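# Descriptive analysis of the structure
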Amino acid sequence: MWKQDWDEDDGEPPPGGSRAWERALREVRAVYRQADAAYAPFSCPASGECCQLSRTQRQPWLWAPEWKLLTTGRELPPPRADGGCPFLDAAGLRCTVYADRPFGCRTFFCERIRGPARQPAEAVAAMLERLERVSRRMEPTLTGPRPILEWYSRTQTQAP
Ligand code: SF4
């Protein structure tokens, strides 16, 4: 059983308020720590290939609090001409938001992952459920997670 940083018996701050968001982001970080622990026995070649989103035609899907965590206190980077994730560094090799990278980026949406034969599917499912619970608490009308580039273009459109 995972240690939970968030005690749901704590009582809820008003939805949508800054304290509620602080707690939501804390819980997202806790889920990320769980993901990192679950994937500690695995490794990847760190080539940055999976971040070339146009080329792979695959994207991490983020719940709203994940996008909030990724963008809070950061300027949105410009889009990349090569269709890679905008959060890649200039060389297109390294993630510039590594500590806050989304759940999907931690659980290796890539077949080049190396490690034990079987990935921790049940643990991942439980973590995703937890992310969904946090997200629905914050944005009850949200229908589901969204691809990272969709979040990106929505936020870009809203920027002053
Ligand atoms: S957030 Fe980071 S790890 Fe995830 S796709 Fe973008 S550059 Fe890659």
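Residues numbered from 1 in each chain as written. Predicted model: local features only at pLDDT ≥ 70, side-chain atom pairs only at ≥ 80, totals over all residues.

For the rest of this paragraph, the subject is the overall build of the protein. Helix and strand counts for the protein come out as six helices and two strands. Of the regular secondary structure in the protein, the N- to C-terminal order runs α-α-β-α-α-α-β-α. Counting over 160 residues, the protein shows a buried share of 26%. For the protein, the share of sequence-separated contacts (at least 6 apart) that also reach a separation of at least 24 residues comes to 80%. (Helix = DSSP H or I, 4+ residues; strand = E, 2+ residues; numbered from the N terminus. Buried ≥ 20, exposed ≤ 12 C-beta atoms within 10 Å, placed from the backbone. Contact = placed C-beta atoms within 7 Å.)

The next point concerns helix 5 (residues 121-138). Spanning 18 residues, helix 5 covers 26 Å between terminal C-alpha atoms, matching the ideal 26 Å at 1.5 Å per step. Residues of helix 5 that are buried: M127, L131, V134, S135 and M138. Buried residues along helix 5 cover an arc of 100° about the axis, so they all sit on one side. What points out from helix 5, more than 90 degrees from its buried face, is the exposed set A121, E122, A125 and E129. (Expected span 1.5 Å × (residues − 1). Arc of directions from axis to C-beta.)

Neighbouring the ligand are the residues C51, P60, C85, F87, L88, C95, V97, R101, P102 and C105. Split into classes, the residues belonging to the shell around the ligand amount to nine nonpolar, no polar and one charged. (Near = placed C-beta within 6 Å. Nonpolar A, V, L, I, M, F, W, Y, C, P; charged D, E, K, R; others polar.)

Take the confidence of the model for the protein next. Across the protein, pLDDT averages 86, with 85% of residues at or above 70. Within the model, pLDDT remains below 50 along residues 1-9, and this stretch shows nine contacts once partners closer than five positions in the same chain are excluded. (pLDDT = per-residue confidence, 0-100.)

Our next topic: unusual backbone geometry. Despite not being glycine, Q57 has its phi angle at roughly 60°, a positive value. With respect to the helices, strands and loops of the structure, Q57 is situated in the loop between helix 2 (53-56) and strand 1 (61-62).

This next bit is on the packing of helix 1 (residues 18-38) against helix 5. Closest axis-to-axis distance for the helix 1/helix 5 pair is 10 Å, and the angle between their directions is 170°. On the basis of the axis angle, helix 1 is roughly antiparallel to helix 5. Contacts from A20, W21, A24, E27, V28, V31, Q34, A35 and A38 in helix 1 reach A123, M127, R130, L131, V134, R137 and M138 in helix 5. Its residues assigned to classes, the contact of helix 1 with helix 5 comprises twelve nonpolar, one polar and three charged. (Axes fitted to C-alpha atoms, helices over the stretch in contact; angles between N-to-C directions. Parallel < 35°, antiparallel > 145°, perpendicular 65-115°, else oblique.)

At a closest axis distance of 10 Å, the pairing of helix 1 and helix 3 (residues 64-71) adopts a crossing angle of 95°. By the angle class used here, helix 1 and helix 3 are roughly perpendicular. Of helix 3, the residues touching helix 1 (which contributes W21, A24, L25 and V28) are P65, E66, K68 and L69.

With that settled, consider the nonpolar core. Counting 25 residues, the largest nonpolar core has V28, V31, C85, F103 and L131 as the members making the most contacts within it. With five residues, helix 1 is the largest single contributor of residues to this core. With residues near it in sequence (within four places) discarded, L131 still touches V28, V31, W63 and F103. (Core = buried A, V, L, I, M, F, W, Y, C linked by C-beta atoms within 7 Å.)

Our focus in this paragraph is the environment of S54. Position of S54 among the secondary structure elements: in helix 2. When the 12 C-beta atoms within 10 Å are taken as the criterion, S54 is described as exposed. Residues S54 and C85, 31 residues apart in the sequence, show an inter-C-alpha distance of 8.5 Å.

Taking 1.5 Å as the rise per residue, helix 1 with 21 residues should run 30 Å; its terminal C-alpha atoms sit 30 Å apart, in good agreement. The inward-facing, buried residues of helix 1 abut helix 3, helix 4 (103-106) and helix 5.

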